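Fold and geometry: a report
One-letter residues, chain by chain:
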Amino acid sequence: MRKKVTKAIFPVAGLGTRFLPATKSVPKEIMTLVDRPLVQYAIDEARAAGIKEFIFVTSRGKSALEDYFDHSPILENELRRKGKKDLLDVLKSTNMDSGAIAYIRQHKALGLGHAVWCARRLIGNEPFAVILPDDVIAAETPCLQQMVEAYAETGGNMVAAMEVPPERASAYGVLDVKEDMGSIVSVNGMVEKPKKEEAPSNLAVIGRYILAPSVLNNLNKMKTGAGGEIQLTDAIAADIGSESGVYGYRFRGQRFDCGSKSGFLQATVAFALARDDLRDDLSAYLRDIVQMDKAAE
Ligand code: G1P
């Protein structure tokens, strides 16, 4: 029997400089899509996939993130007193069990691989998930849940994958496909941020991973890679040809790159349009401005 994946690492140590000046005082992961912080989407997805232990790799200046996951008795009492049950339910859905969350600091910004390695002692010798909260995925079945189901067949290491326009491949980890089985592909090689002419394909790694503990051992020995950083992609690639092997998983869903302003805005619109309380107003507004744009042409 394969071991269940019950632990997930959330690397959230980045400075979020693309969102300055907001990120001077607000961690990027707390910025809201509609009315929920980015990180809440990641937590909900992890929970749906059966994750029980949530490990955040943080850095200085992220205390708002830790506060966010605390219970808030004053607020809860006030809402109870006023009989605002709906809002109480919203709050309760964000509460985490005592001891379910751990925070580890990444003391130096040495890259994603290093951030994951910082959590090694909390993982031990079992498979684990990694979720990059910047990648928000709207899907009927949450992406990590889809992967857990696919992983039950493959084992090894699994990365979420998506076709991107070839000229964009150099912004991602890119897969060299050995065998394409539809939603699952087996992988011959992985390159982090390849030069345009060196990309092995346009199948890009998206920020969801299910990894074997051997990847943590690989990270022990990892040297700096693309961008002078210790890359998770390289540590996963080091498992290719080993007992574990590496698979890509083409998920069903729409991915938004909330690490970029335009991706963040698109996600905001998409998530707002999916909400019964906002859809009508927002779509009327969007129709209006599109018409105004056309009229001006
Ligand atoms: C990270 C990974 C990269 C992956 C990307 C997905 O890069 O290193 O392999 O394709 O996330 O969003 P980053 O975007 O943090 O530079």
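Data block above holds the structure.
Residues numbered from 1 in each chain as written. Predicted model: local features only at pLDDT ≥ 70, side-chain atom pairs only at ≥ 80, totals over all residues. Heavy atoms only, no water.

**Things to note about the side chain of Glu-76**
- Relative to the assigned elements, Glu-76 resides in helix 3 (residues 73-81).
- Sequence-distant contacts of Glu-76, defined by excluding residues within four places in its chain, comprise His-71, Leu-88, Leu-91 and Asn-95. (Helix = DSSP H or I, 4+ residues; strand = E, 2+ residues; numbered from the N terminus. Contact = heavy atoms within 4.5 Å.)

**What about the nonpolar core?**
- Counting residues in each nonpolar core, the largest one holds 38 residues, and the members touching the most others are Phe-10, Ile-51, Phe-54, Phe-56, Leu-144 and Met-147.
- Mapped by element, the contributors of at least two residues to this core are strand 1 (7-11), helix 1 (38-48), strand 4 (53-58), strand 6 (128-131), helix 7 (143-154), strand 8 (157-163) and strand 11 (203-211).
- Take this core: its biggest share by element is five residues, from helix 7.
- Among all residues touching Phe-10, those that are not within four sequence positions of it are Ala-42, Ile-43, Ala-46, Phe-54, Ile-55, Phe-56, Val-57 and Ile-131.
- Counting residues in each nonpolar core, the second largest holds 29 residues, with Val-159, Leu-203, Leu-232 and Ile-236 among its members. (Core = buried A, V, L, I, M, F, W, Y, C linked by side-chain atoms within 4.5 Å. Buried < 20%, exposed > 50% of the residue type's maximum accessible area, 1.4 Å probe, protein only.)

**Brief notes about the site of the ligand**
- Near the ligand there are 13 residues, and of these Asp-135, Gly-173, Glu-192, Lys-193 and Val-205 occur at the shortest range.
- In the environment of the ligand, an oxygen atom lies 2.6 Å from a nitrogen or oxygen atom belonging to the side chain of Glu-192.
- Here an oxygen atom of the ligand sits 2.6 Å away from a polar atom, N or O, in the side chain of Lys-193.
- Alone, the ligand offers 380 Å² of accessible surface; in the complex the protein occludes 73% of this.
- With three residues, strand 11 is the single largest residue contributor to the shell around the ligand.
- Residue composition of the shell around the ligand, by class: five nonpolar, four polar and four charged. (Near = heavy atom within 4 Å. Polar contact = N/O pair within 3.5 Å; in protein donor to acceptor, adjacent residues only side chain to side chain. Areas by Shrake-Rupley, 256 points an atom, 1.4 Å probe, with all protein chains shown as cover. Nonpolar A, V, L, I, M, F, W, Y, C, P; charged D, E, K, R; others polar.)

**A closer look at the packing of aromatic side chains**
- Applying the stated criterion across every chain yields a total of eight aromatic pairs.
- Here the aromatic rings of Phe-56 and Tyr-103 are separated by 5.8 Å at their centres, their planes lie at 35°, and the arrangement is tilted. Of the two residues, Phe-56 is situated in strand 4 and Tyr-103 in strand 5 (residues 101-105); the sequence distance between them amounts to 47 residues.
- Among the residues examined, Tyr-103 registers a relative accessible area of 28% and is labelled partly exposed.
- Aromatic ring contacts, followed pair by pair, group Phe-10, Phe-54, Phe-56, Tyr-68, Phe-69 and Tyr-103 into a single cluster.
- Arg-36 extends its terminal NZ or CZ atom over the ring of Tyr-41, reaching a point 5.2 Å from the ring centre. (Phe/Tyr/Trp six-rings, centres within 6.5 Å; stacked < 30°, edge-to-face > 60°. Lys NZ or Arg CZ within 6 Å of the ring centre and 35° of its normal.)

**Comments concerning the packing of helix 10 (residues 261-273) against helix 11 (residues 279-296)**
- Viewed as axis vectors pointing N to C, helix 10 and helix 11 meet at an angle of 130°, and their least axial separation amounts to 8 Å. For the element pair helix 10 / helix 11, the angle class is oblique. Here Val-269, Ala-272 and Leu-273 of helix 10 lie close against helix 11, whose contacting residues are Arg-279, Leu-282, Ser-283 and Leu-286.
- Here the residues of the contact of helix 10 with helix 11 are counted per class, giving five nonpolar, one polar and one charged. (Axes fitted to C-alpha atoms, helices over the stretch in contact; angles between N-to-C directions. Parallel < 35°, antiparallel > 145°, perpendicular 65-115°, else oblique.)

**Observations regarding the layout of surface pockets**
- In this structure, the largest pocket occupies an estimated 1,200 Å³ of space.
- In this structure, the largest pocket is lined by 40 residues; those nearest its centre are Lys-28, Leu-112, Leu-132, Asp-134 and Lys-193.
- At the level of elements, helix 5 (112-118), strand 11 and strand 13 (254-257) are the ones that each hand at least two residues to the lining of the largest pocket.
- Take the lining of the largest pocket: its biggest share by element is four residues, from strand 11.
- When its volume is computed, the second largest pocket comes out at roughly 340 Å³.
- For the second largest pocket, the lining is made up of 19 residues, of which Tyr-41, Ile-137, Ala-138, Ala-139 and Phe-271 are closest to its centre.
- Looking at the lining of the second largest pocket, the elements that each hand over two or more residues are helix 1 and strand 7 (135-138). (1 Å grid on protein atoms, 1.4 Å probe; cavity = no way out; pocket = protein on both sides within 12 Å on 5 of 7 lines; lining within 4 Å. Points joined across faces, edges and corners; volume = space filled by probe spheres on them.)

**A closer look at the packing of helix 3 against helix 4 (residues 85-92)**
- One can describe the packing of helix 3 onto helix 4 by two numbers: an axis separation of 8 Å at closest approach and a directional angle of 155°. Put simply, helix 3 runs roughly antiparallel to helix 4. Our pair here, helix 3 against helix 4, has a crossing hand that is left-handed. In contact with Leu-75, Glu-76, Leu-79 and Arg-80 of helix 3, helix 4 contributes Leu-87, Leu-88 and Leu-91. (Left-handed = near helix turned anticlockwise from the far one by under 90°.)

**Side note on the side chain of Thr-58**
- Looking at where Thr-58 falls in the secondary structure, it is placed in strand 4.
- Relative accessible area serves as the criterion here: at 1%, Thr-58 is assigned to the buried category.
- Each residue touching Thr-58, except ones within four places of it in the same chain, is listed here: Val-12, Ala-13, Leu-65, Tyr-103, Ile-104, Arg-105 and Gln-106.

These results come straight from atomic positions and should not be treated as a statement about function.
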